[in-house]
Amino acid sequence: MSELKIKPANEIIFNNHFKKLKNYKSGTVIFVVTGLSGRLLKSKYYLLTYIDTLRSDNKLLALDDKEVYMIVFLVSETGEIFTTIRKENQENLEKYNVGEIFVIKIAAAGAGSAGIVCREE
């Protein structure tokens with residue numbers, strides 16, 4: 001008899017609590033946009049970038065103008081759509097695929113947030 005192998009749940013980790021997350025527990029990837037510079041996100045897609053980077057303490061996560069980002073669109077377990085802006089790299093390109101389900105985790109305050117710059121809005 002073969003053993004049933006259960007795939008461990010994917011986790012999407014946020015270093016801060018963002019207002020967009022409400023109390024979501026999970027999200028399923030429905031669409032991914034790649035190849036976006038920080039400069040383009042802040043100029044052409046300002047509203048989306050604002051909503052995506054607004055933390056619960058009303059500070060915004062700063063994006064590097066020269067960095068290349070991707071926007072991941074997810075649908076929560078309640079059916080609401082939300083986004084996350086992630087650095088575009090090989091790991092993230094392989095991780096965020098349409099149909100993948102992620103458990104949402106909020107890192108402890110300050111955990112893994114070295115080098116992240118926030119500004120008051």
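Residues numbered from 1 in each chain as written. Predicted model: local features only at pLDDT ≥ 70, side-chain atom pairs only at ≥ 80, totals over all residues. Heavy atoms only, no water.

Draft legend 1. Fine view of helix 2 (residues 46-53). Burial in helix 2 covers these residues: T49, D52 and T53. Buried residues along helix 2 cover an arc of 85° about the axis, so they all sit on one side. (Buried < 20%, exposed > 50% of the residue type's maximum accessible area, 1.4 Å probe, protein only. Helix = DSSP H or I, 4+ residues; strand = E, 2+ residues; numbered from the N terminus. Arc of directions from axis to C-beta.)

Draft legend 2. Structural context of the sheet that holds strand 5 (residues 81-87). Strand order in this open sheet of five strands is 1-6-2-4-5, and the pairing throughout is mixed. Pairing within the sheet leaves two strands with one partner each, and these edge strands are strand 1 (10-14) and strand 5. Ignoring which end each strand starts from, the neighbouring axes of this sheet average 40° apart. Bridge analysis of strand 1 against strand 6 (residues 101-106) gives five bridges, and the strand direction is parallel. Within strand 6, the residue paired with N10 across the bridge is F102. Sheet strands touched by helix 2: strand 4 (68-76) and strand 5. Its angle to strand 5, the strand with the most contacts, is close to 90°. (Pairing = 2+ DSSP bridges. Axes fitted to C-alpha atoms, helices over the stretch in contact; angles between N-to-C directions. Contact = heavy atoms within 4.5 Å.)

Draft legend 3. Structural view of the environment of L74. Turning to its location among the elements, L74 is positioned in strand 4. Considered as a pair, L74 and T28 are 46 residues apart in the sequence and their alpha carbons are 5.0 Å apart. Apart from the residues lying within four places of it in its own chain, the contact partners of L74 are G27, T28, V29, I30, E80, I81, F82, T84 and F102.

Draft legend 4. Spatial organisation of the side chain of S76. Within the secondary structure, S76 is located in strand 4. Judged by relative accessible area, which is 7%, S76 ranks as buried. A distance of 2.7 Å separates the side chain of S76 from the side chain of T78, its partner in a polar contact. (Polar contact = N/O pair within 3.5 Å; in protein donor to acceptor, adjacent residues only side chain to side chain.)

Draft legend 5. Spatial organisation of the pairing of strand 4. Both strand 2 (residues 26-37) and strand 4 contribute to a ladder of eight bridges, which runs antiparallel. Across the sheet, residue T28 finds its bridge partner in strand 4, namely V75. The pairing of strand 4 with strand 5 spans seven bridges and is antiparallel. Within strand 5, the position partnered with V75 by the bridge is I81. Hairpin remark: strand 4 followed by strand 5, antiparallel, with four residues in the connecting loop; positive phi at G79, about 90°.

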